[in-house]
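This is what each chain is made of:
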Amino acid sequence: MLDHGLGPDNFTFPFVLKACSSLSALQEGKDIHEHVIRTGWESDVFVGASLIDVYAKCGCVGDARQVFDKILVRDVVLWNSMLAAYSQNGHPDEALSLCREMAWTTGFRPTVATLVTVISASADIAALPQGREVHGFCWRHGFETQDKVKTALVDMYAKSGFLKVARRLFERLKDKRVVSWNAMIAGYAMHGHASEALALFEEMKKEALPDHITFVGVLSACRHGRLMDEGWKFFESMVRDHLIEPTVQHYTCMIDLLGHAGRLDEAYDLIVRMSVRPDSGVWGSLLNSCKLHKNVELGEQALERLIELEPDDAGNYVILSNIYAQAGKWEGVAKLRKFMQERGLKKSIACSWIGVKNKDHAFLAGDVFHPQSDEIYAELKRLGGLMTEAGYVPDTGQVFHDVDKDEKMSMVHGHSERLAIAFGLISTPSGTRLRVTKNLRVCDDCHVVIKFISKITEREIIVRDVNRYHHFKDGTCSCGDYW
DNA sequence: ATAGGGTTAG
């Protein structure tokens with residue numbers, strides 16, 4: 001077109017940018033962006049929304065935001081594009097605050113797309129107070145009747161641990177599409193409700209055609225329920241009866257099932273001979289299983305692969321370090337720490353949060369910034385006494401740093417999930433279920449402690465960590481102590 | 001004639 005001497009206009013750019021977006025072609029997108037600037041179309045909302053989408057699909061949220069900021073006369077689709085850019089790139093908090101800004105500056109006339117995006121952002125951080133607020137908004141403005149909004153709400157309530165609410169909304173869908181079934185099945189699966197997930201899958205087969213995502217849900221239900229035989233049955237049936245080629249996520253479920261069961265060599269064999277390229281999730285699952293079953297050699301191999309795939313992820317080094325520590329191989333711990341220091345890698349900062357009276361309260365390990373900090377620590381101390389009476393012995397094996405024993409104790413005692421739980425206990429009526437979210441894995445010792453707390457205080461405590469949900473009740477956890 | 005949204009992840 002350019003060779004023919006024709007200049008692109010405001011209609012040309014969106015078409016060609018959409019092509020970039022579906023190919024995740026960042027360099028081409030940037031070239032076209034320059035062309036947009038040269039031809040003076042950068043303040044066009046259609047061109048801008050397309051550019052934001054290209055940058056979002058390529059993971060460049062900052063570039064997307066620059067495009068957004070240059071456009072001063074915005075329409076609802078432009079806002080939605082920017083919200084989606086945040087939401088899809090792991091910045092759900094930014095999406096929610098941009099949504100507030102949108103409400104403030106534009107008078108907030110959202111569309112179905114706005115709400116779906118914001119609800120899914122709330123779901124991703126299980127930010128229930130915001131999610132409920134959006135749900136209320138949907139209801140008051142007649143959006144709740146829309147199936148797409150309702151499906152997003154099903155996902156949000158499921159991820160926030162309200163499976164019954166999710167199910168009630170799911171049953172009220174006018175037309176259950178595959179996406180809705182998938183959200184509900186995955187919801188049961190991630191909470192370890194394997195039988196509900198599988199029952200729903202049987203029901204689904206009568207009404208809709210399962211897709212590859214349905215099977216991720218089904219296999220992950222088997223995984224969380226440790227249903228090895230059923231898992232393989234579904235895996236084989238997926239390929240044979242449904243003609244679905246297994247993706248890396250399907251393999252991850254199977255490798256995780258084998259690994260958790262201690263069949264580490266079989267898990268390794270499956271990684272080597274599977275038809276798709278193993279990603280960091282696959283090796284991460286194997287590394288985690290090596291920790292559960294104390295296998296140093298295979299753990300080292302898994303870390304080698306992970307260093308190739310995601311060298312900057314500190315969590316991987318920490319897990320191998322834990323494996324070394326369990327085995328008493330302190331030279332391995334020291335070697336890893338040196339390696340991390342040389343590369344400037346730091347453990348991510350742990351953070352837990354809990355919603356109380358429609359407000360989220362966040363805690364870092366050992367922090368004293370909460371206004372009720374003194375009462376929180378007093379409550380932890382009180383519980384500590386009761387736990388010792390009940391037979392609790394602290395396990396500081398997972399403390400990464402090589403510090404003395406007392407210091408290790410205090411580090412573990414101030415873990416963020418404990419602060420969040422203690423705050424929940426002192427600020428809600430007895431018997432109230434607590435729901436805590438954490439950005440990392442729950443450590444072994446906290447897991448033991450929370451089991452004790454659930455029994456001593458007679459509370460149900462739901463902790464959503466980075467991998468899965470833990471439902472603590474009466475001294476036990478739904479994960480069966482494997483996570 | 002052009003742009004945005006729901007389901008999967010160690």
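Everything discussed here concerns the structure shown above.
In short, a report on the structure. Keep in mind the model is a prediction, meaning the values are calculated, not measured.

What counts, and where the lines are drawn
Residues numbered from 1 in each chain as written. Chains lettered and ligands numbered in written order. Predicted model: local features only at pLDDT ≥ 70, side-chain atom pairs only at ≥ 80, totals over all residues. Heavy atoms only, no water. Phe/Tyr/Trp six-rings, centres within 6.5 Å; stacked < 30°, edge-to-face > 60°. Helix = DSSP H or I, 4+ residues; strand = E, 2+ residues; numbered from the N terminus. Buried < 20%, exposed > 50% of the residue type's maximum accessible area, 1.4 Å probe, protein only. Core = buried A, V, L, I, M, F, W, Y, C linked by side-chain atoms within 4.5 Å. Contact = heavy atoms within 4.5 Å. Salt bridge = Lys/Arg side-chain N within 4 Å of Asp/Glu carboxyl O. Near = heavy atom within 4 Å. Polar contact = N/O pair within 3.5 Å; in protein donor to acceptor, adjacent residues only side chain to side chain. Nonpolar A, V, L, I, M, F, W, Y, C, P; charged D, E, K, R; others polar. Lys, Arg positive; Asp, Glu negative; His and termini not counted. Pairing = 2+ DSSP bridges.

**Focus: the packing of aromatic side chains**
And then number 1: Considering all chains together, one arrives at 11 aromatic pairs under this definition.
And then number 2: Ring geometry for Tyr 268 against Trp 283: centres 6.2 Å apart, planes inclined by 55°, an arrangement best described as tilted. Here Tyr 268 is found in helix 16 (residues 264-273), whereas its partner Trp 283 is found in helix 17 (residues 280-292), with 15 residues between them in sequence.
And then number 3: Overall, Tyr 268 belongs to the partly exposed group, its relative accessible area being 23%.
And then number 4: Exposure remark for Trp 283: the relative accessible area of 7% places this residue in the buried category.
And then number 5: Centroid distance Tyr 392 to Phe 452: 5.8 Å. Interplanar angle 70°. Geometry classified as edge-to-face. One end of the pair, Tyr 392, is in the loop between helix 21 (373-389) and helix 22 (405-413); the other, Phe 452, is in helix 24 (residues 444-457), and 60 residues separate them in sequence.
And then number 6: Connected via pairs of aromatic rings, a cluster forms that spans Phe 201, Phe 215 and Phe 234.

**Some remarks on the nonpolar core**
And then number 1: Core analysis: the biggest nonpolar cluster contains 114 residues, and Met 82, Ile 119 and Leu 286 have the highest contact counts within it.
And then number 2: Sort the elements by how many residues they give to this core and helix 3 (residues 45-57) lands first, with eight residues.
And then number 3: Excluding anything up to four places from it in sequence, Ile 119 contacts Val 134, Cys 138, Val 149, Ala 152, Leu 153 and Met 156.
And then number 4: Core analysis: the next-biggest nonpolar cluster, separate from the first, contains 28 residues, Tyr 392, Ile 421, Phe 423 and Cys 479 among them.

**Describing the pattern of salt bridges**
Side chains carrying opposite charge are able to pair once their charged atoms draw close together.
And then number 1: Following the criterion strictly, the structure yields 22 salt bridges and no others.
And then number 2: The salt bridge partner of Lys 205 is Glu 202, with a shortest N-O separation of 3.4 Å. Taken together, the residues Lys 205 and Glu 202, both in helix 12 (residues 194-207) and three residues apart, mark about one turn of the helix.
And then number 3: The exposure class of Glu 202 is partly exposed, given its relative accessible area of 38%.
And then number 4: Within this structure, Arg 65, Asp 69 and Arg 74 form a network of salt bridges that share partners.

**Some words on the protein's contact with DNA strand B**
And then number 1: Residues in contact with DNA strand B amount to 46 residues; listed here are only the nearest, Asp 75, Asn 80, Val 112, Asn 182 and Arg 223.
And then number 2: For DNA strand B, the backbone makes up 44% of the atoms found within 4 Å of the protein, where backbone means sugar plus phosphate.
And then number 3: Separating a sugar or linking oxygen of DNA strand B from a backbone N or O atom of Gly 281 is a distance of 2.9 Å.
And then number 4: Glu 310 places a side-chain nitrogen or oxygen 2.8 Å from a base nitrogen of DNA strand B.
And then number 5: Its residues assigned to classes, the surface near DNA strand B comprises 16 nonpolar, 19 polar and 11 charged.

**Re the side chain of Arg 441**
And then number 1: The topology assignment puts Arg 441 in the loop between strand 3 (434-438) and helix 24.
And then number 2: Buried Arg 441, no salt bridge; nearest opposite-charge side chain is Asp 444, N-O distance 4.5 Å.
And then number 3: For Arg 441, the side chain forms a polar contact with the side chain of Asn 288, separated by 3.4 Å.
And then number 4: Leave out the neighbours within four places in its chain, and Arg 441 touches Asn 288, Lys 291, Asp 465, Val 466, Asn 467 and Trp 483.

**Comments concerning the pairing of strand 5 (residues 469-473)**
Two faces belong to every sheet, and in a regular strand the side chains alternate between them.
And then number 1: For strand 5, a buried count of four out of five residues is recorded, marking the element as mostly surrounded by other parts of the structure.
And then number 2: Where strand 4 (residues 461-464) lies against strand 5, four bridges are found, and the strand directions are antiparallel. Paired with Ile 461 across the bridge in strand 5 is Phe 472.
And then number 3: Counting the residues that bridge the hairpin from strand 4 to strand 5 gives four residues.
And then number 4: Count of turn residues in the strand 5/strand 6 (residues 476-477) antiparallel hairpin: two residues, of which Asp 474 carries a positive phi of about 50°.

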